[in-house]
Amino acid sequence: MLSWEQSPSVALMRQERAWVEVNLSAIAHNVRQLRRFLSAQTALMAVVKADAYGHGATTVAQTVLQAGATWLGVATIPEGIELREAGVQAPILVLGANHTSEQIRAIAHWKLQPTLCTPRQALVFSEVLAASPQHCPLPVHLKLDTGMSRLGTPWQEAAAFVKLVQHLPNLTIASVYSHLATAEDSNRTIAKQQQQRFETAVAQIKAWGLHPPCLHLANSGGTLSDPTFHYDMVRVGLAIYGLYPAAHLSTTITLKPALQVKARVTQVKAIPAGTGVSYGHRFVAEREMQIAVVAIGYADGIPRNLSNKMDALVKEQRVSQIGAVTMDQIMLDVSAVPDLEEGEVVTLLGQDGNQSIAADDWAATLGTISWEILCGFKHRLPRIAIGQALQDSVSRCLEG
Ligand SMILES: Cc1ncc(COP(=O)(O)O)c(C=O)c1O
């Protein structure tokens with residue numbers, strides 16, 4: 001991701017064949033909306049793993065921290081290091097599990113905060129850290145499995161786990177947390193059962209005289225669906241990027257999608273009736289048509305399974321994509337778009353005039369989730385930051 005200082009001018013941006021536009025104003029808006037929705041006692045962790053769900057981790061991190069988030073969440077150590085190297089100083093929780101001494105030393109060196117999932121892992125951390133007293137005590141976050149059946153100590157063993165870590169040298173407990181499996185479902189039975197287990201575990205921990213300084217449970221779905229899931233912190237990913245985890249949660253706060261995918265028309269041509277289009281001729285023109293070739297394909301993250309099933313926006317009109325999506329290019333039926341020329345910008349995801357195409361639309365067509373769509377755009381597509389931060393930098397330049 002280009003930082004906002006490096007973002008090319010709009011003129012330069014237009015020379016790209018295809019790109020992802022990231023609206024930092026929208027991200028800042030979403031953070032402010034979430035902040036208003038949360039009580040002052042609840043901290044907001046912005047989950048910026050997977051390159052901030054495809055939006056560009058460094059720029060998003062800077063934006064969310066300015067807008068009111070105080071924590072960042074990443075999945076891996078390199079994701080955390082990338083942020084530290086960019087100068088990000090906020091606390092960073094590594095949500096994934098790490099065990100090797102190299103990983104532990106890297107976590108300590110880069111001032112990242114690990115998730116500990118088992119007593120054994122805690123013992124290894126404590127032992128390895130003994131050799132680097134300058135990094136001790138290392139803040140650690142203890143993960144409980146309350147029903148996700150992924151990382152974490154079984155909730156029934158939480159008190160013993162916390163007690164062990166409390167007594168281990170070189171570690172200090174920063175939080176105890178768990179993760180919801182069905183937070184976005186309108187039926188909250190399972191989420192409530194997980195919450196009940198979390199609270200039972202916490203009560204047992206407290207009964208042993210142990211008081212974790214921070215408890216957290218909710219992702220975007222949990223945050224938007226039920227304030228009793230908020231506790232001391234929420235870990236929000238999808239909603240930061242302006243998408244709702246489920247349609248029934250869209251009335252809670254107003255979010256603005258931040259990501260748009262655009263590409264350029266590289267050729268316009270007429271084809272007679274009966275002409276096959278693209279590999280396999282999975283589309284055959286029934287009439288004479290005007291088609292446009294657009295410089296984006298599955299190597300950029302346009303799922304090939306959308307072949308013949310997706311739309312695009314050109315000159316504020318919705319048009320159909322035709323034929324197989326190829327590695328670098330797609331074709332559109334632009335018969336109804338007058339005066340279309342090479343170089344015209346096509347919106348694959350996003351808004352053009354009154355028309356819009358959402359990641360949720362693609363997800364519905366493909367039978368997947370919007371999280372996967374956002375994370376699917378490849379690095380070949382430059383991320384172009386637009387919006388408030390860019391404008392701020394331009395103003396600063398003009399003033400300075
Ligand atoms: C442990 C954990 N917390 C929070 C999140 C953020 O989830 P969401 O994007 O649904 O807000 C994730 C993402 O998968 C996660 O793994």
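Here the residue numbers are simple positions, counted from 1 along each chain's written sequence. Selection of residues for local features in this predicted model requires a pLDDT of at least 70, selection of side-chain atom pairs for listing and counting requires 80 or more, and totals for whole chains, interfaces and linings are taken over all residues.

**Q** Looking at this structure, I do not really get the overall build of the protein. What am I missing?
**A** Secondary structure assignment for the protein yields 13 helices and 20 strands. The reference for a compact globule is 2.2 Å times residues^0.38; the radius of gyration itself is calculated from the C-alpha atoms. In terms of overall size, the protein behaves like a compact globule, its C-alpha atoms giving a radius of gyration of 24 Å where 400 residues would be expected to give roughly 21 Å. On the principal axes, the C-alpha backbone points of the protein span a range of 80 × 55 × 40 Å. Counting other C-beta atoms within 10 Å of each residue's C-beta, where C-beta atoms are placed from the backbone, gives the exposure class: buried for 20 or more, exposed for 12 or fewer, partly exposed between. Counting all 400 residues of the protein, 46% fall into the buried class. Counting from the N terminus, the helices are the DSSP runs of H or I reaching at least four residues and the strands are the DSSP runs of E reaching at least two.

**Q** I would appreciate a short explanation of the nonpolar core in the present structure.
**A** A general trend in soluble globular proteins is that nonpolar side chains are found buried together. Ranked by internal contacts, the top residues of the largest apolar core, which has 116 residues, are Ile-27, Val-31, Met-45, Ala-46, Val-165 and Leu-332. Broken down by element, this core gets its largest block of residues, 6 residues, from helix 2 (residues 24-37). Throughout, the edges of the domains are those of an automatic or database domain assignment. Here this core spans two domains, and each of domain 1 (25-248) and domain 2 (259-381) adds at least three residues to it. Residue pairs qualify as contacts under a 7 Å threshold applied to their C-beta atoms, which are placed from the backbone. The contacts of Val-31, once residues within four sequence positions are left out, are Leu-44, Ala-46, Val-64, Ala-67, Gly-68, Ala-69 and Ile-240. Nonpolar core, as used here: buried Ala, Val, Leu, Ile, Met, Phe, Trp, Tyr and Cys residues forming one set through C-beta atoms within 7 Å.

**Q** Mind showing me how you'd approach the confidence of the model for the protein here?
**A** Predicted coordinates in regions of low pLDDT should not be interpreted in detail. For every residue, the predictor states its confidence as a pLDDT score lying anywhere from 0 to 100. Mean pLDDT over the protein works out to 94, with 93% of the residues at or above the 70 mark. Below a pLDDT of 50 lies the segment residues 393-400, which in the model reaches 2 contacts outside its immediate sequence neighbourhood of four places, other chains included.

**Q** Even after reading the chapter, I still don't get the site of the ligand, so can you show me in this structure?
**A** Throughout this description, a residue near a molecule or strand is one whose C-beta atom, derived from the backbone, lies within 6 Å of it. Neighbouring the ligand are Val-47, Leu-95, His-179, Asn-219, Ser-220, Gly-221, Arg-235, Val-236, Gly-237, Leu-238 and Pro-245. Mapped by element, the contributors of at least two residues to the shell around the ligand are helix 10 (220-225) and strand 10 (233-236). Gly is put with the polar residues, along with every residue not named as nonpolar or charged; the nonpolar set is Ala, Val, Leu, Ile, Met, Phe, Trp, Tyr, Cys and Pro, and the charged set is Asp, Glu, Lys and Arg. Of the residues assigned to the shell around the ligand, the class counts are 5 nonpolar, 5 polar and 1 charged.

**Q** For this particular structure, what's the right way to read the packing of helix 4 (residues 57-67) against helix 5 (residues 77-85)?
**A** Axis angle and axis distance: for two packed helices, these are the angle between their axes and the distance between the axes, and together they describe the pair. Axis lines are fitted to C-alpha atoms, over the contacting stretch for helices. Their N-to-C directions set the angle, which ranges from 0 to 180 degrees. For the pair helix 4 and helix 5, interaxial distance at closest approach is 9 Å and the crossing angle is 65°. For the element pair helix 4 and helix 5, the recorded crossing hand is right-handed. Within the contact between the two elements, helix 4 uses Ala-57, Thr-58 and Ala-61 and helix 5 uses Glu-79, Glu-82 and Leu-83. Here the contact of helix 4 with helix 5 is composed, by residue class, of 3 nonpolar, 1 polar and 2 charged. Crossings are sorted by hand: turned counterclockwise from the far helix by less than a right angle, the near helix makes the crossing left-handed, and turned clockwise it makes it right-handed.

**Q** What exactly am I supposed to notice about helix 7 (residues 119-129) here?
**A** Along an α-helix, a turn takes 3.6 residues, which lines up residues three or four apart on a common side. Those residues of helix 7 not exposed but buried are Gln-121, Ala-122, Phe-125, Ser-126, Val-128 and Leu-129. The secondary structure elements touched by the buried residues of helix 7 are strand 4 (92-97), helix 6 (101-109), strand 5 (113-116), strand 6 (138-145), helix 8 (158-167) and strand 8 (171-177).

**Q** Explain the domain arrangement of the protein to me, please; I cannot follow it from the model alone.
**A** Note: interface size is frequently given as the accessible area lost on complex formation between the parts. Structurally, the protein comprises domain 1 (25-248) and domain 2 (259-381). In terms of residue class, the side of domain 1 that touches domain 2 is built from 5 nonpolar, 2 polar and no charged.

**Q** Can you walk me through the pairing of strand 8 in this structure?
**A** Successive residues of a regular strand alternate their side chains across the two faces of the sheet. Counting buried residues along strand 8, 5 of its 7 residues qualify, which places the element largely inside the surrounding structure. Pairing analysis gives 6 bridges linking strand 6 to strand 8, with the strands arranged parallel. Each bridged residue has a counterpart across the sheet, and for His-141 the counterpart in strand 8 is Ser-175. Looking at chain direction, strand 8 and strand 9 (residues 215-216) are connected through 2 bridges and run parallel. At least two DSSP bridges between two strands are needed for those strands to be called paired.

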